Amino acid sequence: MTLFGRGKTGTDLFPQLTRLIGDRDIGDYAALHDGTWDAVVDVSGYVPRHVAQSMDALRDRVGRYLFISSHAVYQRTGVGPGSDEDAPRRPQVRDTEELDDDTYGPLKVACEDDVMARYGSRATIVRPGKVAGPHDPSDMFTYWVRRASHGGPVALPADPKQPVQIIDSRDLARLVVRLLIDERPGAFNAVGPAEPTTLVALIETCARVAGTEVEIVPVSPDAVPPLFPLVRTNWPTQQRSSARARAAGMPATPLEVTAADVLAWDRERGEPPLRNGFSPTEERALLAQQGR
């Protein structure tokens, strides 16, 4: 096992592993010029240049190239619930490296295509949904775990019946390992939980794990920023099929376990301010408008 990165974060983790230092932003792959590996897992390829340069550096000294992509590659309209890995993708983009809502997915499409073109049957594409678990820096699931743990009226700027899909980070990791061991080619949707759930059911699950009671209070979504934690207006994007990944061996950690582990981690770190979601002051003001 070899870790390749800039050496700026997580340097105390996994001290027994070999660490190679480089920086794909500036094309520094010198540390990869020697050695052979059974497989590579590319977790940080966001633009075609990143992927092309890493493949040029590794050439045929890796057996399999597994690329972590995204559900953002899929077209946003014209796709119904239960869509699988063969759903239409968005047109690729190659003329920019600026990542935003319009370019992130199309740039990932270009990266996927380049990996497939170079490695063919030795290429594997994993398209995770929203990833959740301890140490998640995005706050998207952590927000609801923490909010539910405090109990009481909960402001929800969405339809409570909205479907939601998250994947436990450990299930994603185990899927990646299984795909490599089995040398499976092709694309796989990494989504969970195993049973369909909704936003209100997710919040109630988090409350049950924390031993609290919540009252869901729908509030207007007009005043909230885009990509509020787990809130999505395009419901089919939260109803993708995980059948292929499940058949390949992706496990299914119960939502209760994910919520309990995130709650324990968040409390251990002292519940620092979150970057996403309502602040306590903002939520109190919204609830007051609803008479709560």
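For the structure given in this document, a descriptive report is provided here. It should be emphasised that the depicted structure is a prediction, and the values quoted were computed from it without experimental measurement.

In a pair of packed helices, the angle between the axes and the distance between the axes together describe the arrangement. With their axes 9 Å apart at the nearest point, helix H3 (residues 142-150) and helix H7 (residues 255-268) run at an angle of 80° to one another. When the axis of H3 is compared with that of H7, the two are roughly perpendicular. Every residue of H7 that contacts H3 at Thr142, Val145, Arg146 and Ser149 is listed here: Ala259, Val262, Leu263, Trp265, Asp266 and Arg267. Considered class by class, the residues forming the contact of H3 with H7 number five nonpolar, two polar and three charged.

On to the pattern of salt bridges. Counted under the stated rule, the structure contains 22 salt bridges. As a salt-bridge pair, glutamate 112 and arginine 127 come within 2.9 Å of each other at their nearest N and O atoms. Taken together, the positions of glutamate 112 in helix H2 (residues 104-119) and arginine 127 in strand E5 (residues 123-128) put the pair 15 residues apart, joining distant regions of the chain. Note that glutamate 283 is salt-bridged to arginine 147, the shortest N-O span being 2.6 Å. Here glutamate 283, found in helix H8 (residues 280-289), pairs with arginine 147, found in helix H3; they are 136 residues apart in sequence, far enough to count as distant.

Turning our eyes to something else, we now look at the pairing of E5. Of all six residues in E5, six are buried; the element is thus mostly enclosed. A two-sided burial pattern is seen for E5, the buried positions comprising Ala123, Ile125 and Arg127 on one face and Thr124, Val126 and Pro128 on the other. Relative to E5, strand E4 (residues 62-68) runs parallel, the two being bridged by four bridges. Among the inter-strand pairings, isoleucine 68 is bridged to a residue of E5, identified as valine 126. The handedness of the E4 to E5 crossover, carried by H2, is right-handed. As paired strands, E5 and strand E10 (residues 186-190) are joined by five bridges and run parallel to one another. If you follow arginine 127 over to E10, its bridge partner there is asparagine 189.

What follows concerns the environment of arginine 90. Topologically, arginine 90 is positioned in the loop between E4 and H2. Here arginine 90 is in contact with Ala72, Val73, Tyr74, Gln75, Arg76, Asp101, Asp102, Gly105, Pro106 and Val109, once residues within four sequence places are set aside. In terms of polar contacts, arginine 90 uses its side chain to reach the backbone carbonyl oxygen of alanine 72, at 3.3 Å.

Before going further, it helps to examine H7. Compared with the 20 Å implied by 1.5 Å per residue over 14 residues, the 20 Å span of H7 between its first and last C-alpha is a close match. Buried within H7 we find Leu255, Thr258, Ala259, Val262, Leu263, Trp265 and Asp266. One side of H7 holds all its buried residues, which, seen down the axis, span an arc of 165°. On its buried face, H7 sits against strand E6 (130-132), H3, strand E9 (166-168), helix H4 (169-182) and helix H5 (199-210). One or two residues past the end of H7 sits glycine 270, with phi positive at roughly 90°.

When you line up the elements, glutamate 256 lands in helix H7. Expressed as a C-alpha distance, the spacing of glutamate 256 and alanine 210, which sit 46 residues apart in the sequence, is 9.9 Å. If we skip the residues at most four places from it in the chain, glutamate 256 touches Thr205, Arg208 and Val209.

Counted by the stated rule, this structure contains seven aromatic pairs. Considering the side-chain rings of phenylalanine 4 and tyrosine 29, the 5.8 Å spacing of their centres and the 20° angle between planes classify their relative orientation as stacked. Linking phenylalanine 4 in strand E1 (residues 2-5) with tyrosine 29 in the loop between strand E2 (18-21) and strand E3 (37-42), this pair joins segments that are 25 residues apart in sequence.

The next thing to look at is H8. The set of residues buried in H8 consists of Glu283, Leu286 and Leu287. With its buried residues spanning 100° around the axis, H8 presents them on a single face. In H8, the exposed residues that point more than 90 degrees away from the buried face are Thr281, Arg284, Ala288 and Gln289. Where the residues of H8 are buried, they touch H3, strand E7 (152-156) and strand E12 (214-218). Looking one or two places after H8, you find glycine 291, whose phi comes out positive at around 75°.

Turning our eyes to something else, we now look at the nonpolar core. Within the largest apolar cluster, 35 residues are counted, with the highest numbers of intra-cluster contacts made by Phe141, Trp144, Leu202, Leu230 and Phe278. When residues of this core are assigned to their parent elements, the largest contribution, seven residues, is made by H5. With near-sequence residues (within four places) excluded, leucine 230 lies in contact with Lys130, Met140, Phe141, Trp144, Gln162, Val164, Ile166, Leu199 and Leu202.

Here we take up the packing of H3 against H5. Where H3 meets H5, the axes come as close as 8 Å, and the angle between the chain directions of the two elements is 55°. Between H3 and H5, the crossing angle belongs to the class labelled oblique. As for how H3 packs across H5, the hand of that crossing is right-handed. Residues Trp144, Val145, Ala148 and Ser149 of H3 form the contact with H5, whose participating residues are Leu199, Leu202, Ile203, Cys206, Ala207 and Ala210. Looking at side-chain class alone, the contact of H3 with H5 contains nine nonpolar, one polar and no charged residues.

Conventions used here
- Residues numbered from 1 in each chain as written.
- Predicted model: local features only at pLDDT ≥ 70, side-chain atom pairs only at ≥ 80, totals over all residues.
- Heavy atoms only, no water.
- Axes fitted to C-alpha atoms, helices over the stretch in contact; angles between N-to-C directions.
- Helix = DSSP H or I, 4+ residues; strand = E, 2+ residues; numbered from the N terminus.
- Parallel < 35°, antiparallel > 145°, perpendicular 65-115°, else oblique.
- Contact = heavy atoms within 4.5 Å.
- Nonpolar A, V, L, I, M, F, W, Y, C, P; charged D, E, K, R; others polar.
- Salt bridge = Lys/Arg side-chain N within 4 Å of Asp/Glu carboxyl O.
- Buried < 20%, exposed > 50% of the residue type's maximum accessible area, 1.4 Å probe, protein only.
- Pairing = 2+ DSSP bridges.
- Right-handed = clockwise from strand over helix to strand, strands pointing away.
- Polar contact = N/O pair within 3.5 Å; in protein donor to acceptor, adjacent residues only side chain to side chain.
- Expected span 1.5 Å × (residues − 1).
- Arc of directions from axis to C-beta.
- Phe/Tyr/Trp six-rings, centres within 6.5 Å; stacked < 30°, edge-to-face > 60°.
- Core = buried A, V, L, I, M, F, W, Y, C linked by side-chain atoms within 4.5 Å.
- Left-handed = near helix turned anticlockwise from the far one by under 90°.

Note that every value here comes from positions in space, so none of it alone points to a role or purpose.
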